[in-house]
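# Close look at the chain arrangement
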Amino acid sequence: MPGPTEVQQARRDNGPLTDRGAARKRELLDAARRVFERKGFIETRVRDVVKEAQVSHGTFYTYFDTKEAIFSAVAHDVVDSMLASMATPIPTTGFDERIRDLVRRFVHAYRPHAQMIGLIEQVGTFSPEMRELRLDIRDTFVRRTRRGITRMASSGMLADPDIDVEYTAEVLGAMLEYSCYLWFCLDKNFDEDRLVEALATVWRKTLRSGQR
């Protein structure tokens, strides 16, 4: 297949220049997500995405050069959506309530994207590029947790001001992510209230708040 034209490469690098182009790219991303969730990454072909979106192959290659490229874009869309749903400021309440609310927000942000997250996990086991993407996605959430722990430490909310913020954020994030993965991707039967409370309890005890 010949390389992209100058116009196609500019659109790939800079994004659509018009509202119509942005809408068309959005249609491709939405169609790709539906196909990936229905067929899985391995079985999906560019022709499947083109058919789902009801566009030409040329339109697809205007915005993406491979199946992997559009999968990566869909994955980043998932992360942006999760972060947006968790971005509402948490009301100023007691420490216990803040932690419980944080955990529940993550659970509710994860649930609607569980199928795509499961695919990202799967693809990351055999594709070096997708593995890097998976780690980048995880780092996004770990950094968010790290910032939260740092804020709590600086405001005196932690009993141990010398806590290892970096590794504590890694461990707490892994626990929260994997619990959701078991629940929503592997169909482990969890009760939401009990699981949220159990996760929040571990977070609280790990962070050892001085506020009760």
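For the structure given in this document, a descriptive report is provided here.

## Comments concerning the overall build of the protein
- On a plain count of helices and strands, the protein comes out with 10 helices and zero strands.
- When the helices and strands of the protein are listed from N to C terminus, the series reads α-α-α-α-α-α-α-α-α-α.
- Residues classed as buried in the protein amount to 42% of the 212 residues present.
- Sequence-distant contacts in the protein: of pairs separated by 6 or more residues, those separated by 24 or more amount to 71%.
- Counting every atom, the protein has about 12000 Å² of accessible surface; 50% of that belongs to carbon and sulfur.

## Examining the packing of aromatic side chains
- Summed over all chains, the structure comprises 12 aromatic pairs.
- Centre to centre, the rings of F36 and F71 are 5.0 Å apart; their planes meet at 90°, and the pair counts as edge-to-face. Within this pair, whereas F36 is found in helix 2 (residues 19-43), its partner F71 is found in helix 5 (residues 67-85), the two being separated by 35 residues in sequence.
- For F36, a relative accessible area of 0% puts it in the buried group.
- Judged by centre distance (5.9 Å) and plane angle (45°), the ring pair of F60 and F64 falls under tilted.
- Its relative accessible area of 5% is what places F64 among the buried residues.
- Here K67 stacks its cationic end above the ring of F41, 4.3 Å away from the centre of that ring.
- Positioned above the aromatic ring of W183 is the side chain of R111, whose terminal nitrogen or guanidinium carbon lies 5.4 Å from the ring centre.

## Remarks on helix 6 (residues 95-110)
- Taking 1.5 Å per residue as the helical rise, helix 6 with its 16 residues ought to reach 22 Å, and the 23 Å between its terminal C-alpha atoms agrees with that figure.
- Considered for burial, the residues of helix 6 that qualify are F95, I99, V103, R105, F106, V107, A109 and Y110.
- Along its buried surface, helix 6 packs onto helix 5, helix 7 (114-123), helix 8 (128-154), helix 9 (165-185) and helix 10 (192-207).

## Concerning the pattern of salt bridges
- This model, assessed by the stated rule, comprises 18 salt bridges.
- Here E192 ties to R104 by a salt bridge, and the two come within 2.9 Å at their closest N and O atoms. Pair noted here: E192 is in helix 10 and R104 is in helix 6, with a separation of 88 residues, a long-range link.
- When its relative accessible area of 23% is taken as the criterion, R104 is described as partly exposed.

## Examining helix 5
- For helix 5, which comprises 19 residues, the first-to-last C-alpha distance of 27 Å matches the rise-based estimate of 27 Å (1.5 Å per residue) to within 8%.
- Within helix 5, the full set of buried residues consists of K67, I70, F71, S72, V74, A75, V78, V79 and M82.
- Elements in contact with the buried residues of helix 5: helix 2, helix 3 (46-53), helix 4 (57-63), helix 6, helix 7 and helix 8.

## Considering the side chain of S179
- Locating S179 in the fold gives a position in helix 9.
- Under the relative-accessibility criterion, S179 is labelled buried at 14%.
- Setting aside anything within four residues of it in sequence, one finds S179 in contact with F190 and L199.

Here is what the cut-offs are and how they apply
- Residues numbered from 1 in each chain as written.
- Predicted model: local features only at pLDDT ≥ 70, side-chain atom pairs only at ≥ 80, totals over all residues.
- Heavy atoms only, no water.
- Helix = DSSP H or I, 4+ residues; strand = E, 2+ residues; numbered from the N terminus.
- Buried < 20%, exposed > 50% of the residue type's maximum accessible area, 1.4 Å probe, protein only.
- Contact = heavy atoms within 4.5 Å.
- Areas by Shrake-Rupley, 256 points an atom, 1.4 Å probe, with all protein chains shown as cover.
- Phe/Tyr/Trp six-rings, centres within 6.5 Å; stacked < 30°, edge-to-face > 60°.
- Lys NZ or Arg CZ within 6 Å of the ring centre and 35° of its normal.
- Expected span 1.5 Å × (residues − 1).
- Salt bridge = Lys/Arg side-chain N within 4 Å of Asp/Glu carboxyl O.

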